[in-house]
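Inside the fold
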Amino acid sequence: MPEVIFNGPAGRIEGRYQPAKKRGAPLAIILHPHPQFGGTMNNQIVYNLFYTFVNRGFSALRFNFRGVGRSQGHFDHGAGELSDAAAALDWMQALNPEAKSCWITGVSFGAWIGMQLLMRRPEIEGFMSIAAMANRYDFSFLAPCPSSGLFVHGSEDRVAPVKEVMAVIEKVKTQKGIQIEHTVVEGANHFFDGKVDVLMEQVGAYLDRMVGPEILKSEQEQV
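Residues numbered from 1 in each chain as written. Predicted model: local features only at pLDDT ≥ 70, side-chain atom pairs only at ≥ 80, totals over all residues. Heavy atoms only, no water.

Notes on the overall build of the chain
Counted only if it meets this: Helix and strand definitions follow DSSP, with helices as H or I runs of at least four residues and strands as E runs of at least two, each counted in order from the N terminus. Put simply, the radius of gyration uses C-alpha atoms, and a globule should come to 2.2 Å times the residue count raised to 0.38. Only protein chains enter the accessibility calculation, which uses a 1.4 Å probe; a residue is then buried when its area is under 20% of its type maximum, exposed when over 50%, and partly exposed in between. By definition in these notes, contact holds between two residues if any of their heavy atoms fall within 4.5 Å. Calculation of accessible area relied on Shrake-Rupley with a 1.4 Å probe; when residues are assessed, cover is drawn exclusively from the protein chains displayed. Counting rule applied: Lys, Arg positive; Asp, Glu negative; His and chain ends not counted. Just so you know, the charge point we use is NZ for Lys, CZ for Arg, CG for Asp and CD for Glu.
Along the chain, the regular secondary structure elements total six helices and eight strands. Sequence-ordered secondary structure for the chain, helices as α and strands as β, is β-β-β-α-β-α-β-α-β-β-α-β-α-α. Against the globule reference of 17 Å for 223 residues, the chain gives a C-alpha radius of gyration of 16 Å, in line with a compact fold. Dimensions of the chain, computed from C-alpha atoms along their principal axes, come out at roughly 45 × 40 × 35 Å. Going through the 223 residues of the chain one by one, you find that 55% of them count as buried. Long-range contacts, defined as pairs at least 24 residues apart, comprise 69% of the intrachain contacts of the chain with a sequence gap of at least 6. Accessible surface computed for the chain: about 10,100 Å², of which carbon and sulfur atoms make up 48%. Of the side chains in the chain, 21 bear a positive and 23 a negative charge, and the two mean positions are spaced by 2 Å.

Let's talk about the sheet that holds strand E1 (residues 3–8)
For the record, the criterion: The rule for pairing is simple: two strands pair if DSSP sees at least two bridges between them. Helix axes are fitted to C-alpha atoms over the stretch in contact, other axes to C-alpha atoms as well, and angles between N-to-C directions run from 0 to 180 degrees.
The sheet built from eight strands is open, its strands ordered E1-E2-E4-E3-E5-E6-E7-E8 with mixed pairing. Looking at which strands have only one partner, the edges of the open sheet turn out to be E1 and strand E8 (180–185). Neighbour to neighbour, the strand axes of the sheet diverge by 20° on average, direction disregarded. In terms of strand pairing, strand E2 (residues 11–18) meets strand E4 (residues 59–63) through four bridges, oriented antiparallel. Following the sheet pairing, glycine 15 is matched in E4 by phenylalanine 63.

Some remarks on unusual backbone geometry
Of note in this structure, histidine 77 is not a glycine but carries a positive phi near 60°. Topologically, histidine 77 is positioned in the loop between E4 and helix H2 (79–95). Although it is not a glycine, phenylalanine 192 adopts a positive phi angle of roughly 55°. Relative to the helices and strands, phenylalanine 192 resides in the loop between E8 and helix H5 (196–210). Phenylalanine 192 sits in the buried class, given a relative accessible area of 0%.

Listed below in structure tokens is the structure:
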């Protein structure tokens, strides 16, 4: 898993990137929780999500937002972090010009950033939002939501209660051609302490339903 440094709007951005073995593989970007509350690309959920994609044949990237780790710049309350995510996608597309699709996955604060990027980049065909803080950030821009995806929350999440995100999900469920799924991990808090394995089972199963067979088939054709 090579360490990478690429240029962002506020200077250098530090990341970890694992290219897929086959050309044209889909891309995946994983966005970490709030920088001012200890969120980094090494967050255990982000780390596990990264390998969830890698193990399914994606080219995957996780990176530190501006001002975190070795990434230059300073926290920008979401606007700059969205620019960082866009720069990350640009960087990945430059490395993988044959990739036809991309998935965006975010955790907590990262989920809010990821959904905004989704609205701006039509090549993003799927998303997963983990512990999205619909009670603290405005998600009204998702009507209509352009891509299908999955929201996951912990039943004991006190930072971003399940009932708050349900209002968001109900708004986008009825959009034509878009399928939004919502999974609740019983007993999990906002950080999924002691429940990360259960979370990964849920997101892995969803990803397998959405893209697993396609990736496996293309790999078999190359053998």
